[in-house]
Each structure stands twice: as structure tokens, then as C-alpha cells.
Amino acid sequence: MDNIDWKNLPFGYIKTDYNIRCFYRNCKWGALEVSTSEYIDIHIAATGLHYGQEAFEGLKAYMGKDGKIRLFRWEENAKRMILSAGGIKMAEIPVEKFRNAIFEAVKLNKRFIPPYGSGATLYIRPLLYGSGPEVGVKPSEEYTFIVFVTPVGPYFKGGIRPVNMLICRDSDRAAPLGTGIYKVGGNYAASLRAGIAAKEGGYASAIFLDAREKKYIDECGPANFFGIKDNTYITPKSESILNSITNMSLIELAKSMGMKTERRKVPVEELATFDEAGACGTAAVISPIAKIVDADNNMIYEYCRDGKPGPVSMKLYNKLVSIQNGDEPDEFGWITVID
Ligand SMILES: Cc1ncc(COP(=O)(O)O)c(C=O)c1O
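Cut-offs and rules
Going along each chain's sequence as written, the residues are numbered from 1 onward. Totals for whole chains, interfaces and linings use all residues, but because this is a predicted model, local features are given only for residues with pLDDT of at least 70 and pairs of side-chain atoms are given and counted only at 80 or more. Calculation of side-chain values draws on the structure's entire complement of heavy atoms; hydrogens and water are dropped beforehand. Nonpolar core, defined: a set of buried Ala, Val, Leu, Ile, Met, Phe, Trp, Tyr and Cys residues in which side-chain atoms within 4.5 Å join the residues together. Think of it in three bands: with a 1.4 Å probe and only protein chains considered, a residue is buried below 20% of the maximum accessible area for its type, exposed above 50%, and partly exposed in between. Secondary structure is summarised from DSSP: a helix means a run of H or I of at least four residues, a strand means a run of E of at least two, and numbering begins at the N terminus for each. Note on contacts: a residue pair is in contact if any heavy atoms of the two residues lie within 4.5 Å. The cutoff for a nearby residue is simple: one of its non-hydrogen atoms must lie within 4 Å of the molecule or strand. Definition of a polar contact: a pair of N or O atoms within 3.5 Å, with one able to donate and the other able to accept a hydrogen when the atoms are protein atoms, and with sequence-neighbouring residues admitted only if both atoms are side-chain atoms. Areas reported here follow the Shrake-Rupley algorithm with a probe of radius 1.4 Å; residue values treat only the protein chains shown as occluding. Residues are said to line a cavity or pocket when one of their atoms sits within 4 Å of a point; the points come from a 1 Å grid over protein atoms alone, cavities being sets where a 1.4 Å probe fits but cannot get out and pockets being open sets with protein on both sides within 12 Å along at least five of seven lines. Those molecules having more than half of their atoms within 2 Å of a cavity or pocket grid point set are described as sitting in that cavity or pocket.

Asks: Summarise the nonpolar core; cite the residues concerned and give the values.
Replies: Grouped together as the largest cluster of nonpolar side chains are 45 residues, with contacts concentrated most on Phe225, Tyr233, Leu250, Leu271, Ile292 and Tyr303. Among the elements that line this core, the one with the most residues is helix H5 (residues 245-256), at 6 residues. Those residues in contact with Leu271, other than ones at most four positions away along the chain, are Ile167, Ile217, Phe225, Ile292, Tyr301 and Tyr303. Membership of the second largest hydrophobic core comes to 40 residues, among which are Ile69, Trp74, Phe145 and Ile338.

Take a look at the structure:
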């Protein structure tokens, strides 16, 4: 570990020292347990394996210039995991337990937090799954909650840069009244076909449309979409997308910068009217979009013609990253310092 090259870390998994585990049995959660193993012993009939009873979260710990470790809006991740658990009939992990587990996982693996200025961060992955055996299709009576951490490199090595995306019309990530609003594994499995096809075509991501009418923008792979025009930040309202914490925060930032904000249906044709477009999420904060290709309709929507991210996207990005790193005061109350 002493020879981790922080500046060249991949956005992938690296073993750390400890992870935290907690078990739900006999209708109650037990105490947090610390483990040094990367493996789990799982029942062959666990509902997490057979019936997709699995949800996860993703957030980051940031090392500041002042040597303080900061978490960004972890309560929102805790609340979203409760929403996801309820959505697929799993036991909910209480906010306090979620908090204690992520704090403990970060503190125990402090030596893996990338230094300030490296662009790398400590990614925190809480995971919840049905671990009790069932053969009929029904919710498990037992659950396992795990938090592991892993240092990850910046999403864009060499700095933020615009990417191309492909509109997907031949598969859906989530149904309108399905599980798209939950962060459950099944949605990600359902997105893989389109995601891989897009990558094979040289695109950074697939853009999913609403499954009912295929008229409106849903999401950009594992990130929300936004467009900018007329001093307005516009982002899709949909019953099948994940409520991105980054997007919620960008909306607040845009408002604080004097912009209007709209969360509403975004028709595909409206892509032609945006000055800037981007995808947002914890991994990259903002991925500015250079080009969106709608191959079935022979349409190409282009932004960033000079090859650079648009000014509004950059302003939002710089502001959010500065708050996360502790370079700017946190006027929104989004940061928790881990002592
Ligand atoms: C499907 C999907 N949409 C959006 C996001 C972005 O959400 P957040 O900003 O909370 O990371 C993610 C990542 O968590 C995701 O998996």
C-alpha cells in the first residue's frame, strides 16, 4: 500500500484493511462487526442471489488541504438506501447504523484516503442484501449490510473533458412503475446490454429514454442528465430514474448562482436547443457531453464544439468540487467532518 501511485489510481477496486458488517436476524439488527476478509460466506438459497434482493449506495470521503476528512451529504445516501430497501421489501438499515458503519469504515482505513490534490478519493460502498434462504419468491427473513471502501482515481484522468453519448432505443433500464427510482442491482443488470453496446461504439454511455413512450430523456447510464439554456438548469422528471444526490446539489448551486431551475419532462427534440448538456453523479460530478447520437433517427446533437466543457457546467463543477474538498465554505450544510 505504501507504494500506491495516487495520481494514477484506476476507478476500480483496491483491497483495503477493513470492512464493516451487520446482520439482521430475528427481526432486529445486531451490532456492527469489523472484518478483514474481502469475502462473504453466503447461503446458497439467499434471496439476494436468486430474487435480486440487493441494494447499494456510493459516496466518497475527501481529504482536505487542512487534513480533515469530509463526507458529502451522507444522510441522503442513508435515506436513499432506506427507500431502496422498502422498494424491494428488504429490512431497512437505520440512519444511525448506516452512519456509524460508514464512519467506522473510513476511520479504520484512513491510510487509504488519497491525499489532497491527487484528484483521487476514498469511495464508500454500502451494500444490503437478503441473506436468508428462501425457495419460493418472497422476501428474506435475514439481511446482511456491508460497508467497504476503496481508493479511486479521478473519473477523468488529465482533467474534466466532454464525452459522447448514444441514445438507446432497443432496451430499457427500468419500467415506469418498476424499480428505477431505487438503487437496486437489477437496474444495473438491465442497463448492461445498452451500456456495453454504447462503449463498443466508442461512446462513454448510453442515454435511456422513458420506457413508456420513448419520447423523453431518462438517464445517462449511471448518472442523471441536465441541459443548460436561457440561464436555466433543466433536468428530467421521471418515475423511473434514480434521484441523484449530485443533481439535487447542482440544482441548489444553480439557484444560488441566480439561475432558474426546472425539473420536468425533457423531450428528445429539446436536445437541439441546449447550449450545454451533461451527466452528473458521484463518480465524475459532471461529465460534460460533447455529442449525443440518436442513430435510429439520424440525429446528432452537438455541444462543446471547441472541445471544452461549457462555462456553466465548469462553474457548477468547480463550485461543487471546492465544497467537497473543503476549499470553499460549506454554506449549504452538506459536509460532515469525520473526527
Ligand atoms: C442510475 C444512476 N443514476 C444517477 C446516479 C447519480 O447519483 P448520485 O449523484 O447520488 O451519485 C447514479 C449513481 O449513483 C446511478 O447509479
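Asks: Describe unusual backbone geometry, listing the residues and the values that go with them.
Replies: In this structure, Asn26 is a non-glycine residue whose phi angle is positive, near 50°. For Asn26, the location among the structural elements is in the loop between strand E1 (19-25) and strand E2 (28-29). For Cys27, which is not glycine, the phi torsion reads 65° and is therefore positive. In this fold, Cys27 is placed in the loop between E1 and E2. The exposed category is assigned to Cys27, whose relative accessible area is 66%.

Asks: An account of the site of the ligand is requested, with residue identities and associated values reported.
Replies: Among the 16 residues in the neighbourhood of the ligand, the closest are listed as Tyr188, Glu219, Ser244, Thr246 and Thr282. In this structure, Thr246 approaches the ligand through a side-chain N or O atom, which is 2.6 Å from an oxygen atom. Between the ligand and Thr282, the relevant distance is 2.5 Å, taken from an oxygen atom to a side-chain nitrogen or oxygen of the residue. Burial of the ligand by the surrounding chains reaches 96%, relative to a free accessible area of 390 Å². Mapping the ligand onto the cavity grids shows that it belongs to the largest pocket. Elements represented by at least two residues in the shell around the ligand include exactly H5 and strand E15 (276-281).

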